[in-house]
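# Residue-level structure breakdown
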Amino acid sequence: MSASAVRTGVWFIGARGSVATTATAGCAAVAAGLHPAAGMVTETPPFAESRLPTLTSLVFGGHDTVGCPLPKRAEALATGGVLPHGLPSAVRSELATADAEIRPGGPLPGDTRSDEELINAFAADLADFGRRNGLARTVVINVASTEPAPAPGERRLPASSLYAAAALRAGCPYINFTPSTGLRTPALQDAVAGCGLPHAGRDGKTGQTLLRSVLAPMFVQRALPVRAWSGTNLLGGGDGAALADPGAAAAKNAGKERVLADTLGIAPEGEVHIDDVPALGDWKTAWDHIAFDGFLGARMVLQTTWQGCDSALAAPLVLDLARLVARAHEKGLTGPLPQLGFYFKDPDGGPAALFEQYMALLTFAETLRGEK
Ligand SMILES: NC(=O)c1ccc[n+]([C@@H]2O[C@H](COP(=O)([O-])OP(=O)(O)OC[C@H]3O[C@@H](n4cnc5c(N)ncnc54)[C@H](O)[C@@H]3O)[C@@H](O)[C@H]2O)c1
């Protein structure tokens, strides 16, 4: 088969959510030349020779537990200012095609299936998707609602781990863009070790933590001791509602705090808070307040305000990751990909500062070159 005829599946867990809908609509818009690829690192010159799947070769599908059709979800995002006005109608047929490939997720309340039965059902959906669409491979990406960390002693796998296990069973590379457990559970240790597939995670680094991974090295390099680093986030949308659950918020905040501990070498005083403000929709405000010492103990403070559209920040990264991990799979790479730490709050190893992570990504872009 010629390289241009190869089609790559992108299977979203949470396929009807804001991030997945923005990625699906955005891919169609950029591929059609309706919008520039702002935010897509894989569309920049260092990746030109990496033989990544083209945007037009991506085929979308996924699981979700709600039934709202993708074109309708996209209209709602346009009303909220996340997608440009007119875009949902311009890419309506691509959204409808992706919508036809979304299968019911789980487990829903009252579902009596065992973990094993759920994993088999999800893996069968993946295999069916690949077969019907003649796909060379399918990358599974978790962009479902953040779930709380499993309670100690819990015997059932969390939903994110059921899907992750299904991806491995179906022979699909896996990406966890959320702070949920996914592959990181002792229950899947053997399956992960023996899967022979590339995987990457966890929790996309799109806003406050992105800024932290740039600023923290500055304090270290200028020998300015950080005394306290506090943060507050206000956001609405589905993510805001999910993170109103203290368990889910704790899972999210652990990643934000890890970036500081890894970069500064200490965990500074201060906490991160997430407040659900439904009126803000997908628009997030994040404040950081950093207290640091200067020469002779002079006390100083840096404050930052980040105002971002969460899904517009996340969607290009999700497309980048799908392309990079698909190519890694084609190249025969297996196991965790610390080279993709640039994209994650809680990566699979590698450096913690954004600049070094970017350098590692560029080296990875070179690794992906070549005939095969
Ligand atoms: N900047 C960002 O937007 C950003 C950054 C990092 C991580 N994330 C993570 O990405 C995820 C998605 O964010 P969003 O704003 O799209 O949220 P959202 O609430 O809009 O979408 C989540 C989707 O997941 C679905 N879902 C819930 N449980 C499911 C299950 N068991 N099986 C299948 N689908 C299920 C929901 O029905 C919903 O459609 C969140 O976990 C969020 O923390 C987002």
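The sections below set out a description of the structure shown in this document.

### Considerations on the overall build of the protein chain
Broken down by element type, the protein chain carries twelve helices and eleven strands. Taking 21 Å as the expected radius of gyration for a compact globule of 372 residues, we find that the protein chain reaches 20 Å, a close match to that expectation. For the protein chain, the spread of C-alpha atoms along the principal axes amounts to about 70 × 50 × 45 Å. By the burial criterion, 51% of the 372 residues in the protein chain qualify as buried. Total accessible area on the protein chain is roughly 16100 Å²; 57% of this is exposed by carbon and sulfur atoms. A gap of 4 Å separates the mean positions of the 31 positive and 36 negative side-chain charges of the protein chain.

### A look at the packing of helix 1 (residues 18–31) against helix 2 (residues 70–79)
The N-to-C vectors of helix 1 and helix 2 enclose an angle of 100 degrees; their axes lie 10 Å apart at closest approach. By the criterion of interaxial angle, the relationship of helix 1 to helix 2 is roughly perpendicular. In this structure, helix 1 uses Ser-18, Thr-21, Thr-22 and Thr-24 to contact helix 2, whose residues at the interface are Leu-70, Arg-73, Ala-74 and Leu-77. Classifying every residue of the contact of helix 1 with helix 2 gives three nonpolar, four polar and one charged.

### Structural notes on the state of the cysteines
Taken as a whole and judged by the stated rule, the model has zero disulfides. Cysteine Cys-68 is unpaired, with the sulfur of Cys-309 as its nearest cysteine sulfur at 17 Å. Between Cys-195, a cysteine without a disulfide, and Cys-172, which holds the nearest cysteine sulfur, the sulfur-to-sulfur distance is 11 Å.

### Focus: the sheet that holds strand 9 (residues 283–293)
Pairing within the open sheet is mixed, and its four strands lie in the order 8-7-9-10. Looking at strand neighbours, the two that pair on one side only are strand 8 (272–276) and strand 10 (299–309), the edges of this open sheet. Across this sheet, the average inter-strand angle for adjacent strands is 10 degrees, counted without regard to direction. In terms of strand pairing, strand 7 (residues 226–235) meets strand 8 through five bridges, oriented parallel. Residue pairing across strands places Gly-231 opposite Val-272, the latter belonging to strand 8. Packed onto the sheet, helix 8 (residues 208–221) meets strand 7, strand 8, strand 9 and strand 10 and runs at close to 165 degrees relative to strand 7.

### Topic: helix 5 (residues 115–133)
Between the first and last C-alpha of helix 5 there are 27 Å, a value that for 19 residues agrees with the 27 Å anticipated at 1.5 Å per step. Within helix 5, burial applies to Asp-115, Leu-118, Ile-119, Phe-122, Ala-123, Leu-126, Phe-129, Gly-130 and Asn-133. Around the axis of helix 5, the buried residues are gathered within 130 degrees of arc, so they sit on the same side. Summarising the contacts, the buried residues of helix 5 are in contact with strand 1 (8–13), strand 2 (58–64), strand 3 (102–104), strand 4 (137–142) and helix 6 (159–169).

### Quick look at the pairing of strand 9
Of all eleven residues in strand 9, eight are buried; the element is thus mostly enclosed. The sheet contact formed by strand 7 and strand 9 spans eight bridges and is antiparallel. By the bridge assignment, Val-226 is partnered in strand 9 with Phe-292. From the end of strand 9 to the start of strand 10, which pair antiparallel, there are five residues, and Leu-296 there has a positive phi angle of about 60 degrees.

### Thoughts on the side chain of Thr-8
By the secondary structure assignment, Thr-8 is in strand 1. On the accessibility criterion, Thr-8 (3% relative accessible area) is buried.

### Some details on the site of the ligand
Near the ligand you find 28 residues, and of these Val-19, Asp-64, Ala-144, Thr-146 and Tyr-163 are the closest. One nitrogen or oxygen atom from the main chain of Asp-310 is found 3.0 Å from a nitrogen atom belonging to the ligand. The protein chains hide 91% of the 860 Å² of surface that the ligand would expose on its own. Spatially, the ligand is embedded in the largest pocket. When residues of the shell around the ligand are traced back to their parent elements, those giving at least two are helix 1, strand 2, helix 6, helix 9 (237–242) and helix 11 (310–330). When its residues are assigned to classes, the shell around the ligand shows eight nonpolar, twelve polar and eight charged.

Analysis parameters
- Sequence positions are assigned chain by chain, starting from 1 and proceeding in written order.
- Totals for whole chains, interfaces and linings use all residues, but because this is a predicted model, local features are given only for residues with pLDDT of at least 70 and pairs of side-chain atoms are given and counted only at 80 or more.
- Hydrogens and water molecules were not included; the side-chain quantities draw on all heavy atoms of the structure.
- A helix here means a DSSP run of H or I that spans at least four residues, while a strand means a run of E at least two residues long, and both kinds are numbered starting from the N terminus.
- Within these notes, the globule rule equals 2.2 Å times the number of residues to the 0.38 power, and the radius of gyration is based on C-alpha atoms.
- For every residue, the accessible area (1.4 Å probe, protein chains only) is compared with the maximum for its type, and the residue is labelled buried under 20%, exposed over 50%, or partly exposed between those bounds.
- Only the protein chains shown count as cover for residues, with accessible areas throughout obtained via the Shrake-Rupley method and a probe of 1.4 Å.
- We score Asp and Glu as negative and Lys and Arg as positive, and we do not count His or the chain ends.
- For this purpose, a charge sits on NZ of Lys, CZ of Arg, CG of Asp or CD of Glu.
- Angles shown run from 0 to 180 degrees and are taken between the N-to-C directions of axes, each axis being a line fitted to C-alpha atoms and, for helices, limited to the stretch in contact.
- Put simply, angles under 35 degrees are roughly parallel, angles over 145 are roughly antiparallel, angles from 65 to 115 are roughly perpendicular, and the rest are oblique.
- Note on contacts: a residue pair is in contact if any heavy atoms of the two residues lie within 4.5 Å.
- For this classification, Asp, Glu, Lys and Arg are treated as charged, while Ala, Val, Leu, Ile, Met, Phe, Trp, Tyr, Cys and Pro are nonpolar and the rest, including Gly, are polar.
- In plain terms, two cysteine sulfur atoms within 2.5 Å form what is called a disulfide here.
- We call two strands paired when DSSP finds no fewer than two bridges between them.
- Any helix carries an expected span of 1.5 Å times its number of residues minus one.
- Here, the arc refers to the directions that run from the helix axis to the C-beta atoms.
- Proximity criterion: a residue is near a molecule or strand once any of its heavy atoms comes within 4 Å of it.
- For the purposes of these results, a polar contact is taken to be a pair of N or O atoms within 3.5 Å, where, inside protein, one atom must be able to donate a hydrogen and its partner to accept one; residues adjacent in sequence count only when each atom of the pair is a side-chain atom.
- Both site types are read off a 1 Å grid over the protein atoms alone. A 1.4 Å probe that fits but cannot get out defines a cavity, while an open set with protein on both sides within 12 Å along at least five of seven lines defines a pocket; lining residues have an atom within 4 Å of a point.
- Think of it this way: if more than half of a molecule's atoms are within 2 Å of a pocket's grid points, that molecule is in the pocket or cavity.

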